[in-house]
Amino acid sequence: MASREALIAYRALLRATRKSFAGDTEMLKASASEIRSKFEENRHVASDPDIPPLLEQAREATQFISTMIVQAKLNERGGYEVKASQEHAGATLELPTEEMLRKKSV
């Protein structure tokens, strides 16, 4: 069950990066490499208490990439243009509190 959920989370992350970084080959390669590296790092995790937090991190990363990252494109006038989609409407960045940072580092 956990390996199936991990595969779903892995694919969701890759889909989010493909959509957010469409047309940016360098970022697509780098993000795919980083995602694979993080999943490989945790391949050995098999205990039930350790798996849900890792899956939640993957879900949060997917959500962040999908709603908080917008690629700017160079326009014909030499400036950059951002076209946010409906997914980005209403997205807010929650700044981490000291308590949140302590929990993540433990």
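Residues numbered from 1 in each chain as written. Predicted model: local features only at pLDDT ≥ 70, side-chain atom pairs only at ≥ 80, totals over all residues. Heavy atoms only, no water.

Looking at an unreviewed UniProt entry, one finds the chain named Complex 1 LYR protein domain-containing protein, with Brassica carinata as its source organism. One UniProt comment on the chain, placed under Subcellular location (unreviewed entry), says "Mitochondrion matrix". (UniProt positions renumbered as here; feature names shortened; annotations may be inferred.)

Caption draft 1: Seen up close, the layout of surface pockets. Of the volumes computed, that of the largest pocket is approximately 780 Å³. Around the largest pocket, the lining is made up of 27 residues, and of these Ile35, Lys38, Phe39, Glu40 and Asn42 lie nearest the centre. Residue assignment for the lining of the largest pocket shows that the elements contributing at least two residues are helix H1 (2–20), helix H2 (25–41) and helix H3 (51–68). (1 Å grid on protein atoms, 1.4 Å probe; cavity = no way out; pocket = protein on both sides within 12 Å on 5 of 7 lines; lining within 4 Å. Points joined across faces, edges and corners; volume = space filled by probe spheres on them. Helix = DSSP H or I, 4+ residues; strand = E, 2+ residues; numbered from the N terminus.)

Caption draft 2: How the structure looks around the packing of aromatic side chains. Using the criterion set out here, one finds 1 aromatic pair in the structure. Centre to centre, the rings of Tyr10 and Phe39 are 5.1 Å apart; their planes meet at 75 degrees, and the pair counts as edge-to-face. With Tyr10 in helix H1 and Phe39 in helix H2, the pair connects residues that are 29 residues apart, well separated along the chain. You can call Tyr10 buried: its relative accessible area is 18%. (Phe/Tyr/Trp six-rings, centres within 6.5 Å; stacked < 30°, edge-to-face > 60°. Buried < 20%, exposed > 50% of the residue type's maximum accessible area, 1.4 Å probe, protein only.)

Caption draft 3: Inspection of the packing of H1 against H2 at higher detail. It is at 10 Å that the axes of H1 and H2 come closest, and there the two elements cross at 165 degrees. It follows that H1 is roughly antiparallel to H2 by the angle criterion. At the point where H1 passes H2, the crossing takes the right-handed sense. Residues Ala6, Ala9, Tyr10, Leu13, Leu14, Thr17 and Arg18 of H1 touch H2, and the partners they reach there are Leu28, Ser31, Ala32, Ile35, Arg36 and Phe39. The residue inventory of the contact of H1 with H2, partitioned by class, reads 9 nonpolar, 2 polar and 2 charged. (Axes fitted to C-alpha atoms, helices over the stretch in contact; angles between N-to-C directions. Parallel < 35°, antiparallel > 145°, perpendicular 65-115°, else oblique. Left-handed = near helix turned anticlockwise from the far one by under 90°. Contact = heavy atoms within 4.5 Å. Nonpolar A, V, L, I, M, F, W, Y, C, P; charged D, E, K, R; others polar.)

Caption draft 4: How the structure looks around the nonpolar core. Counting residues in hydrophobic clusters, the biggest one holds 10 residues: Ala9, Tyr10, Leu13, Leu14, Ala16, Ile35, Ile51, Leu55, Ala58 and Ile65. Counting residues per element, the ones that place at least two in this core are H1 and H3. The element contributing the most residues to this core is H1, with 5 residues. Among residues more than four places away in sequence, those in contact with Ile51 are Ala2, Val45 and Ala46. (Core = buried A, V, L, I, M, F, W, Y, C linked by side-chain atoms within 4.5 Å.)

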